[in-house]
Amino acid sequence: MRSEKELTIDYYNKKTTEFFDETVIADVGPLHERFLKFVPEHGRVLDFGCGSGRDTKIFKDMGYLVDAIDGSSELVKKASEYSGIEVRCMDFFELCEKDKYDGIWACASLLHVKKERLPEIIGILRDALVPGGVLYMSFKYGDFAGVRDERYFVDLNEESMDIIFDQVGGIETVEQWYSQDVRRYKDVEWMNAIVRKIL
């Protein structure tokens with residue numbers, strides 16, 4: 001029997017074109033603005049779970065130094081072609097960087113990590129940030145955890161998010177807010193957060 005992670009990656013490998021077409025046109029400009037005001041001009045940014053490569057390309061075109069990774073080999077091909085950056089295909093937990101990034105953008109990517117492992121992966125991302133660097137992340141709002149729509153999801157609310165952040169340590173919450181899905185025909189509320197590395 002396939003694991004939740006395998007199910008999720010299989011989904012994106014099978015639905016690559018459909019997912020790319022749906023997300024690459026989504027306008028998340030207001031989210032970019034909230035994130036980038038904490039990132040120095042021409043700073044180094046990691047697009048963590050870059051999907052279509054939409055944000056990778058935008059950050060690159062704005063003059064930031066951008067790295068990008070994703071777990072789906074098929075999406076990596078599309079994102080590399082679209083963004084003009086060589087996107088790396090890797091398991092999220094294989095990231096091993098120290099004090100490298102001014103900002104990490106994890107838009108709708110950490111929501112595929114098992115809930116009990118979220119403190120671990122956020123700790124890995126914290127370590128990859130320079131002191132004072134920021135991490136943006138987003139989750140669907142709620143308290144569900146399990147397989148939905150052929151993928152594993154974990155939804156968070158303010159309380160569960162704060163509990164996870166407390167377990168991580170070495171970070172402080174800069175902003176936390178709700179937003180509505182910008183994709184067509186998607187009525188989803190999102191929980192967003194920006195945290196700063198304080199170690």
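The paragraphs below set out a description of the structure included in this document. Because the structure is predicted, anything quoted here is derived from the model rather than measured. (Residues numbered from 1 in each chain as written. Predicted model: local features only at pLDDT ≥ 70, side-chain atom pairs only at ≥ 80, totals over all residues. Heavy atoms only, no water.)

### Looking at the overall build of the protein
1) Next: Looking only at helices and strands, one finds 7 helices and 9 strands in the protein.
2) Next: Expected size for 199 residues packed as a compact globule is a radius of gyration near 16 Å; at 15 Å, the protein falls within 12% of this value.
3) Next: Once the C-alpha set of the protein is aligned to its principal axes, its extents read approximately 40 × 35 × 30 Å.
4) Next: Expressed as a percentage of the 199 residues in the protein, the buried residues total 54%.
5) Next: Partitioning the intrachain contacts of the protein with sequence separation of at least 6 by distance along the chain shows that 64% fall at a separation of at least 24.
6) Next: Roughly 9500 Å² of accessible area belongs to the protein as shown, and the carbon and sulfur atoms make up 48% of that amount.
7) Next: When the 27 positive and 38 negative side-chain charges of the protein are each reduced to one mean point, those points stand 3 Å apart. (Helix = DSSP H or I, 4+ residues; strand = E, 2+ residues; numbered from the N terminus. Rg over C-alpha atoms; globule rule 2.2 N^0.38 Å. Buried < 20%, exposed > 50% of the residue type's maximum accessible area, 1.4 Å probe, protein only. Contact = heavy atoms within 4.5 Å. Areas by Shrake-Rupley, 256 points an atom, 1.4 Å probe, with all protein chains shown as cover. Lys, Arg positive; Asp, Glu negative; His and termini not counted. Charge placed at Lys NZ, Arg CZ, Asp CG, Glu CD.)

### Focus: the state of the cysteines
1) Next: Evaluation of the coordinates by the stated rule reveals 0 disulfides.
2) Next: Cys89 provides the cysteine sulfur closest to Cys96, a residue in no disulfide bond, and the two sulfurs are 18 Å apart.
3) Next: Note on Cys107: no disulfide assigned, nearest cysteine sulfur contributed by Cys50 at a separation of 11 Å. (Disulfide = S-S within 2.5 Å.)

### A word on unusual backbone geometry
1) Next: The phi dihedral of Ala108 falls on the positive side, at around 55°, and the residue is not glycine.
2) Next: With respect to the helices and strands, the residue Ala108 is situated in the loop between β4 (101-106) and α6 (118-128).

### Brief notes about helix α3 (residues 29-36)
1) Next: Among the residues making up α3, those that are buried are Leu31, His32, Phe35 and Leu36. Seen end-on, α3 carries its buried residues on one side only, within an arc spanning 120°. Facing away from the buried side of α3, by more than 90 degrees, are the exposed residues Pro30 and Glu33. (Arc of directions from axis to C-beta.)

### Describing the sheet that holds strand β9 (residues 189-197)
1) Next: Spatially, the 7 strands line up as an open sheet ordered β3-β2-β1-β4-β5-β9-β8, and their pairing is mixed. The sheet is open, and its two borders are formed by β3 (88-89) and β8 (171-180), each paired with just one other strand.
2) Next: With 2 bridges connecting them, strand β2 (residues 65-70) and β3 associate as parallel partners. When the bridges of β3 are listed, Ile69 appears paired with Arg88.
3) Next: The sheet contacts of α3 involve β1 (44-48), β4, β5 (129-140), β8 and β9, and relative to β4 the element is tilted by about 150°.
4) Next: Most of the contacts of helix α4 (residues 54-61) go to β2, to which it runs at about 170°, and overall it touches β1, β2 and β4. (Pairing = 2+ DSSP bridges. Axes fitted to C-alpha atoms, helices over the stretch in contact; angles between N-to-C directions.)

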